[in-house]
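Working through the structure, step by step
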Amino acid sequence: MSFTRAALKRWRGTRAHIARPLTRLLALSLIDIAHFRLPNPLVGSLAALGVIGASAAQLTGAAIVPLVGATETGVFAQPAAVALIGALAAGGTSMAVAEGYARLRKREGLGMGDVKLLAVLGLFLGLYAFLALALASVMGVLVVLALAARTRIARVIPRLLLQ
């Protein structure tokens, strides 16, 4: 079975347990927009849901967390392993980006709340968290370009990117 077909097979029937994490993500996004903070209790509750879901999936074989399976055999067929690897990879990568930016620019650009949230994203998506991060980055660039074209500040964008 192909990689994509295996992932789609695991995705079916998982919509019921997505509502609770999505409400927490909505609350986190609204708080982040208003205060530039991600409260630890909300991020921690998402992490707890991810760990519980991955543990339950490991013990029962049900497709709970991660939401997208990697393979049908081997280490990447184990939900707990995929969730742990995804959390470590996404959290570690975002931590490296945050540290690199802070050293290069001498100021914080990515807070530790963002790093923790990306690690939680890795719990839920496994290694697909990288794809989610790449898509979010592309969407952010497109929004900035659309706003620049609309407000006619396109000549300012190179300076904004180099600040």
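Model, not experiment: these values are computed from the prediction.

Next up on the list: the confidence of the model for the chain. Here the chain averages 80 in pLDDT, while 78% of its residues score no lower than 70. Here helix α1 (residues 3-11) stands out as the element of the chain with the lowest mean pLDDT, 51, in contrast to helix α5 (residues 112-125), whose mean of 92 is the highest.

It is worth spelling out the pattern of salt bridges at this point. A side chain with one charge may pair with a side chain of the opposite charge, provided their charged atoms come close. Overall, the coordinates contain one salt bridge when judged by the stated rule. With a shortest N-O distance of 2.8 Å, Arg 103 and Glu 99 are connected by a salt bridge. Of the two residues, Arg 103 and Glu 99 both sit in helix α4 (residues 79-105), four residues apart, roughly one turn of that helix. The exposure class of Arg 103 is exposed, given its relative accessible area of 61%.

Glancing now at the packing of α4 against α5. Packing of α4 against α5 leaves a shortest axis separation of 6 Å and a crossing angle of 155 degrees. Between α4 and α5, the angle falls in the class roughly antiparallel. For the crossing formed where α4 meets α5, the hand is right-handed. Within the contact between the two elements, α4 uses Val 82, Ala 83, Gly 86, Ala 87, Ala 90, Gly 91, Ser 94, Met 95 and Ala 98 and α5 uses Met 112, Val 115, Leu 118, Ala 119, Gly 122 and Leu 123. Of the residues belonging to the contact of α4 with α5, the class tally is 11 nonpolar, four polar and no charged.

All right, on to the nonpolar core then. In this structure, Leu 28, Leu 38, Val 43, Leu 46, Ala 54, Val 65, Ala 83, Ala 87, Val 120, Leu 123 and Phe 124 together form the largest nonpolar core, which totals 11 residues. Elements represented by at least two residues in this core include exactly α3 (40-60), α4 and α5.

Once that is clear, we can look at the packing of α3 against α4. Contact geometry of α3 with α4 gives a least axis separation of 7 Å together with a crossing angle of 150 degrees. When the interaxial angle is binned, α3 and α4 end up roughly antiparallel. Here α3 contributes Ala 54, Ala 57 and Gln 58 to the contact with α4, which in turn contributes Pro 79, Ala 80, Ala 81 and Ala 83. A class-by-class count of the residues in the contact of α3 with α4 yields six nonpolar, one polar and no charged.

Here the focus is the environment of Leu 110. Checked against the element boundaries, Leu 110 lands in the loop between α4 and α5. Look at Leu 110 and you get partly exposed, because its relative accessible area is 23%. Remark: the alpha-carbon pair of Leu 110 and Met 95, spanning 15 residues in sequence, is separated by 8.4 Å. Setting aside residues up to four positions removed in sequence, Leu 110 forms contacts with Ser 94, Val 97, Ala 98 and Val 115.

Basis of the calculations
Residues numbered from 1 in each chain as written. Predicted model: local features only at pLDDT ≥ 70, side-chain atom pairs only at ≥ 80, totals over all residues. Heavy atoms only, no water. pLDDT = per-residue confidence, 0-100. Helix = DSSP H or I, 4+ residues; strand = E, 2+ residues; numbered from the N terminus. Salt bridge = Lys/Arg side-chain N within 4 Å of Asp/Glu carboxyl O. Buried < 20%, exposed > 50% of the residue type's maximum accessible area, 1.4 Å probe, protein only. Axes fitted to C-alpha atoms, helices over the stretch in contact; angles between N-to-C directions. Parallel < 35°, antiparallel > 145°, perpendicular 65-115°, else oblique. Left-handed = near helix turned anticlockwise from the far one by under 90°. Contact = heavy atoms within 4.5 Å. Nonpolar A, V, L, I, M, F, W, Y, C, P; charged D, E, K, R; others polar. Core = buried A, V, L, I, M, F, W, Y, C linked by side-chain atoms within 4.5 Å.

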